[in-house]
Structures are given as C-alpha cells and as structure tokens.
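Residues per chain are reported as follows:
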Amino acid sequence: MPETRTVPLDLVIFGGGAAGLWLLDEVRRRGHSAVLLEAHQLGSGQTIASQGIIHGGLKYTLSGLLTPSAQAIAEMPVIWRRCLGGEIEPNLSAVRLRSEYCYLWRSTSLSGMLAMAGARAGLRVTPEKISPAERPKALTACKGSVARLNEQVIEPASFLQVLADRNRDRLLKVDLESGLEFELDSENNVQFIRLINPQTGTPVDLQPRHVALCAGGGNEQLAISLRLTTIQTQRRPLHMVLVRGTVPELNGHCLDGTSTRVTITTSTDSSGRRVWQVGGQISEDGVDMTASDLIQHAQRELREILPGVDFATAQWSTYRVDRAEPATSSGIRPDDAVVHIRGNVFAAWPTKLALAPRLAERVLAECVAVHDTARADDVSAYFAKWPRPEVALPPWECQQQWTSADSDNPQSN
Ligand SMILES: Cc1cc2nc3c(=O)[nH]c(=O)nc-3n(C[C@H](O)[C@H](O)[C@H](O)COP(=O)(O)OP(=O)(O)OC[C@H]3O[C@@H](n4cnc5c(N)ncnc54)[C@H](O)[C@@H]3O)c2cc1C
C-alpha cells in the first residue's frame, strides 16, 4: 500500500462549473492554496447547457419594479465586460462571444413597456430602440419595434475552457464511487478528504481549512455525505429546444407582457452549422411535453414571433436540464447568489451564470474573515500526475435524434 501524503489547503472546491472555476481562479489570485475536484466533465449540468447571456436585470424589471433579483444582478454586465475585454482579472479576453448585444422584440409595440422597464428601474443596462436598418436579419419582418440591450452573450464551452486552462494544475478528476472519503469531526467540520488517484491508485489526504460545494445538482448528495441536514436544495426542470441549419444569427428575447416568451441564442456546431438554443417560457411549458410535442409547439411559436425566418430546411431537437438551487419556500429562484455556511463548509449556488463573480466574492469574504494567512505550499507539485477533467460537450453535440421541420420522422446525425 503506497504511503498516504497529507496536503494542507486553504480551500477545496467541489464542482467545476461557472461557480467553482471562477472561485478557484479568484482564490488563487489572492494567494490562497486551493484545488478543485470534478466528478464528471467541467460544466456538465447547467453551465454547458446554459444560453450564456450576461443578464443585467431587465428580465426582472418587466413588471416596472426594481425587484431584489434585478438589484443583485445589475452590476454583473459591467464586471463581465471588463473581464471579457481583458481590463481586469480574470482575464477572459480569449472567451468566444456569441454576441455583444441581445435584442428585444414583440409583435406589438415595445415602446410603452421599455419606458417602464429598465430605465425607470435604474438599471446599468437599459434597452435602446433601434431603427429598422439596424435590425438583425431575423427580425426584419417583425411588425413591432425592436430594442438592443447591452447584454453580452458568451459561448459557455469557451468560457469553461479559458478558466480551466488558467488553472489546469489545480483541477483534479475524482471518482465519487471509490476514490473519495470524508473524515468529519464531532461538529461535522471536514477534517480530511481522502482521494485516490484514479490513474495510479495513489492515496492523498487533503486537509482543508474550508470546503466550498459548487457542484450544482451534485450539492444535494454532497450535503448528505457531509451530514449537512439543514441544507435543502431544489431543482427546477427545463425542456429546451435546439434548431440547426440555415437559421440566421439571433441572440435575444421575445417579450410577452411581463414574461419572456422565447429566448434565442446562436452558436455553431462542430460541423459548422448554426445552432439555436431556444428557452424562455417555451422551455418551462415544455417540461410536461414529449420531445415531439414540444418541437411542434416550438415550430408554431417561432413561426409566429419570427415571420421572416425560413425554417424549411431546419432540423429540430430538444434536451432536458434542471436548474439546481437552494430550496426556497415558494419554489422559485432565490433573488441572488446564495452561500450557506455550516462549520468549515460553504454550500454555494450562483443561481445565474452571470452571478458567478458575486458568488466568489461572497465565499472569499467569509474565508478572509476566518483566516487571512495563505498556505503558500507548492500544491501543484503534489498533483503533477493527477488526471484532469475535460470540458463537457454542448447539448447539440450530444443529441442523436433530429427532426426535420416538414416531417415528424426523426433523423440521426
Ligand atoms: C438551460 C439553461 C439556460 C441558462 N441560461 C442562463 C443564461 O443565459 N444566463 C445566466 O446567467 N444563467 C443561465 N442559466 C443558469 C446558469 O447556467 C447556472 O446558474 C450556472 O451555470 C450554475 O453554475 P454552477 O457552477 O453552480 O453549476 P453547474 O454548471 O451545474 O456545475 C456543477 C459542476 O459540478 C460537478 N459535480 C456534480 N457533482 C459533483 C460532485 N459530487 N463532486 C464534484 N463535482 C461534481 C458537475 O460535473 C459540474 O461540473 C441557465 C441555466 C439553464 C439550465
């Protein structure tokens, strides 16, 4: 049996989605020693499946009120824009942008609603009405007015890759079944995390001052393993639609009263085809539908709200994904990024990709309050031979069944 080494660390992070990777990057830049443990692929779960919109809160002000959600998220587009522009750390200038803007449209006039939303609410990012000549091709035939919103849209896979590349030496792939054990003290503080290198079989004991659970849907099981009985979680399911082929580029929201009827973001698949991810109300309504019913519903919806777009050669698919959050009494999304502290464990949920910087700030505020002496050991040397997790594949690369617009016959890739 190889000798077990003990590695003291300031922070051990579980989960390498937006939350865990942003936190790891931030923690290291402040001189703390940290590693991130990933059980699957980086971002598998929510981040890789997300639409990548760096929300500024407009969506939460459609009722005309500055809701707590809108207040919390208002500063995020400014922080992200500076990171994506390489002005501040983390330098995300290598992240692929899907778009610099989102568009807002509806079939009737936007002006009344826009005057109320955003501007009156005092958001940092407010919609600006654009002339017909400035419209993207997909919206040229829409009857109502169109506005542009200064919300950037990122490519989630590229974002995960950039943060992973910056921190590769601290990312450890772990085997939850046979390569991970916890040792807790009488107050359920984590004393040791025993890992077994999945490639070499070598054991190592991590001795963390703090542990951050950033595992999205995986936080539920981790909380059970750590006997954190007061950490309650909730999942809110979505059934998203994918459209690929000769669709025009479009990133934006079609609004209907105070709700987002449809949100569309555009990417490109590995064969160079354009792909739309279609979410918003359609993906909530689709939860109880079969894939084929949802596709038919989406076809009707998209033809109605995008009269100028030709879907004749488009192919359609769907994917299901859960949003993972701390439980709320109403079952709706918490207003802000959430950190629950239990002993030396932080259970953390950004609740929005856009809120990842705010979540990291919150966790770090607690770390610094408890201790401010970094253990500057050369942690990387201990883990030089450890297998690293890869970034997850986007949903459209995992779908086998695609349906053409004019038939219900599924086609395979
Ligand atoms: C369809 C969809 C669209 C969205 N669109 C947007 C958007 O446009 N803008 C926005 O701001 N937000 C959006 N969101 C919300 C956003 O995606 C999430 O809030 C955010 O990505 C959550 O990040 P996370 O790191 O907490 O979790 P995840 O991205 O779920 O990452 C969790 C990580 O933990 C790993 N893991 C799981 N269990 C364990 C374990 N036991 N040990 C170690 N690792 C583990 C997983 O493999 C994964 O890598 C969207 C969400 C969905 C579902």
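For the structure itself, look to the data block above.
Residues numbered from 1 in each chain as written. Predicted model: local features only at pLDDT ≥ 70, side-chain atom pairs only at ≥ 80, totals over all residues.

### Some remarks on the overall build of the protein
What counts, and what does not: To qualify as a helix, a DSSP run of H or I must reach at least 4 residues; to qualify as a strand, a run of E must reach at least 2; elements of each kind are numbered from the N terminus. Exposure classification rests on a simple neighbour count of other C-beta atoms within 10 Å of a residue's own: a residue reaching 20 or more is buried, one at 12 or fewer is exposed, and one in between is partly exposed. C-beta atoms are placed from the backbone.
Scanning the protein for helices and strands turns up eleven helices and 20 strands. When each of the 413 residues of the protein is scored for burial, the buried share is 46%.

### A short note on the nonpolar core
Soluble, globular proteins show a tendency: their nonpolar side chains are buried together. Going by this rule: Note on terminology: a nonpolar core is a set of buried residues of type Ala, Val, Leu, Ile, Met, Phe, Trp, Tyr or Cys, with members joined through C-beta atoms within 7 Å. The contact criterion used is a C-beta to C-beta distance within 7 Å, with each C-beta placed from the backbone.
I13, L23, A212, L213, V241, A348 and L359 are the most contacted members of the largest nonpolar core, which totals 111 residues. Top contributing element to this core by residue count: helix α1 (residues 18-29), with seven residues. Setting aside residues up to four positions removed in sequence, V241 forms contacts with V278, I282, L294, I295, A298, W316 and T318.

### Quick word on the pairing of strand β6 (residues 146-149)
Stated precisely, the cut-off is as follows: Two strands pair under a simple rule: DSSP has to find at least two bridges between them.
Sheet analysis places strand β4 (residues 102-105) next to β6, joined by four bridges and oriented antiparallel. Across the sheet, residue W105 finds its bridge partner in β6, namely V146.

### With respect to the packing of α1 against helix α5 (residues 156-166)
Two measures define how a pair of helices packs: the angle their axes make with one another and the distance between the axes. Heads up, the rule is: Simply put, an axis is a line fit to the C-alpha atoms, just over the touching stretch for a helix, and the angle between two N-to-C directions goes from 0 to 180 degrees. Note on convention: near helix rotated counterclockwise from far helix by under a right angle means a left-handed crossing. Clockwise means right-handed.
At a minimum axis distance of 10 Å, the contact between α1 and α5 shows a crossing angle of 35°. Where α1 crosses over α5, the two elements pack in a sense that is left-handed. Across the interface between the two elements, L21, W22 and D25 of α1 pack against L160, L163, A164 and R166 of α5.

### Topic: unusual backbone geometry
Cis geometry is found at the peptide bond from E89 to P90, where omega equals 0°. Its place among the elements puts P90 in the loop between α3 (76-84) and β3 (97-99). Phi is positive for N188, which is not a glycine, with a value near 65°. Here N188 shows up in the loop between β9 (180-184) and β10 (190-196). For N188, a count of 15 C-beta atoms within 10 Å translates into the label partly exposed. Here the phi dihedral of R227 falls at roughly 55°; this positive angle occurs in a residue that is not glycine. Residue classification places R227 among the exposed residues on the basis of 11 C-beta atoms within 10 Å.

### Some words on the site of the ligand
The line we're drawing: Being near a molecule or strand means, for a residue, that its backbone-placed C-beta atom lies within 6 Å of it. Charged means Asp, Glu, Lys or Arg here, nonpolar means Ala, Val, Leu, Ile, Met, Phe, Trp, Tyr, Cys or Pro, and polar covers whatever is left, Gly included.
Surveying the vicinity of the ligand reveals 42 residues, the closest of which are G15, G17, G45, G216 and G218. Elements that contribute at least two residues to the shell around the ligand include exactly α1, β2 (34-38), α6 (219-225), β12 (233-245) and β16 (315-326). The residue inventory of the shell around the ligand, partitioned by class, reads 20 nonpolar, 19 polar and three charged.

### What to know about the pairing of strand β11 (residues 203-213)
One ladder, built from nine bridges, connects strand β1 (residues 5-14) with β11; its direction is parallel. Directly across from V12, in β11, lies its bridge partner V211. Summarising the sheet, β10 and β11 pair through four bridges and their orientation is antiparallel. Across the sheet, the residue bridging to L195 is V204, located in β11. Two successive antiparallel strands, β10 and β11, enclose a turn made up of six residues, where G201 displays a positive phi of approximately 75°. Across three bridges, β11 lies against strand β18 (residues 345-349) in parallel orientation. Residue pairing across strands places L213 opposite A347, the latter belonging to β18.

### Let's talk about helix α8 (residues 291-305)
The test is simple: Under the convention used throughout, the expected extent of a helix is 1.5 Å for every residue step, that is, one less than its residue count. Starting at the helix axis, one direction is taken to each C-beta atom, and the arc is that of these directions.
Between the first and last C-alpha of α8 there are 21 Å, a value that for 15 residues agrees with the 21 Å anticipated at 1.5 Å per step. Taken together, the buried positions of α8 are L294, I295, A298, L302 and I305. Down the axis, α8 shows its buried residues gathered within 105° of arc, on one side only. More than 90 degrees from the buried face of α8, the exposed residues found are R300 and E304.

None of this, on its own, says anything about what the molecule does.
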